[in-house]
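# A structural walkthrough
Single-letter residue listing:
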Amino acid sequence: MDRTNTIARLMAEAHADSESDRCELVILRALIEEATELGADRALTRTGLADPDACDDLNELRELLQVWRDAKASVWRATLAWLVRGMLALVIIGVAVQLGVTDVLR
């Protein structure tokens, strides 16, 4: 029996029990559980994650995302390092000009 039929049967039981002013908590819990599982299955199917390889796909995506984050952090560090080196080179050139070292080079 598929989940849709199970939900329909549980709803019918809940409706029959509600007419006698007692809808059992067990029926309501089962109804909610079946409905949430059906909804989760539909969501996974619509996103393409219902196949058995979905777990491997997600793990691979997580690894790729981590590699991307690591690469992005490395680029920022390298850029900052080159900027600092450039600034230091400009400072050294400025000091050399102020001290007249450029006259020695001519």
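Presented here is a report on the structure given in the accompanying data block. Just so it is clear, the model here is predicted, and its values are computed rather than measured.

### Some words on the overall build of the chain
Across its full length, the chain holds 4 helices and 0 strands. Secondary structure of the chain in N-to-C order comes out as α-α-α-α. Taking all 106 residues of the chain together, the buried fraction comes to 9%. Accessible surface, the chain as shown: approximately 9,000 Å² in total, 64% of it carbon and sulfur.

### Points about the nonpolar core
Within the largest apolar cluster, 6 residues are counted, these being Ile 7, Leu 10, Ala 14, Ile 27, Leu 31 and Leu 38. Listing elements by their share of this core, those giving two or more residues are helix H1 (3–19) and helix H2 (25–46).

### So, helix H3 (residues 54–99)
Counted at 1.5 Å a residue, the expected span for H3 with its 46 residues is 68 Å, and the 67 Å between its end C-alpha atoms agrees. Just downstream of H3 lies Gly 100, where phi reads positive at about 80 degrees.

### What about a negative patch on the surface?
Side chains of Asp 51, Asp 53, Asp 56, Asp 57, Glu 60 and Glu 63 sit close together on the surface and give a patch of like negative charge. Among the structural elements, Glu 63 can be located in helix H3. Using a relative accessible area of 55% as the deciding quantity, one classes Glu 63 as exposed.

### Concerning the environment of Thr 47
Mapped onto the elements of the fold, Thr 47 is located in the loop between H2 and H3. Within the structure, the side chain of Thr 47 is placed 3.0 Å from the backbone oxygen of Ala 43, a separation counted as a polar contact. A polar atom in the side chain of Thr 47 sits 3.1 Å from the backbone oxygen of Leu 44.

### Focus on a nonpolar patch on the surface
Judged by side-chain polarity, Met 87, Leu 90, Ile 93 and Val 97 come together as a nonpolar surface patch covering roughly 420 Å² of accessible area. If you trace the backbone, Ile 93 turns up in helix H3. By relative accessible area, which is 51% here, Ile 93 ends up exposed.

Rules used throughout
Residues numbered from 1 in each chain as written. Predicted model: local features only at pLDDT ≥ 70, side-chain atom pairs only at ≥ 80, totals over all residues. Heavy atoms only, no water. Helix = DSSP H or I, 4+ residues; strand = E, 2+ residues; numbered from the N terminus. Buried < 20%, exposed > 50% of the residue type's maximum accessible area, 1.4 Å probe, protein only. Areas by Shrake-Rupley, 256 points an atom, 1.4 Å probe, with all protein chains shown as cover. Core = buried A, V, L, I, M, F, W, Y, C linked by side-chain atoms within 4.5 Å. Expected span 1.5 Å × (residues − 1). Patch = residues over 30% accessible without salt bridge, like charges linked within 9 Å, V, L, I, M, F, W, Y side chains within 5 Å. Salt bridge = Lys/Arg side-chain N within 4 Å of Asp/Glu carboxyl O. Lys, Arg positive; Asp, Glu negative; His and termini not counted. Charge placed at Lys NZ, Arg CZ, Asp CG, Glu CD. Polar contact = N/O pair within 3.5 Å; in protein donor to acceptor, adjacent residues only side chain to side chain.

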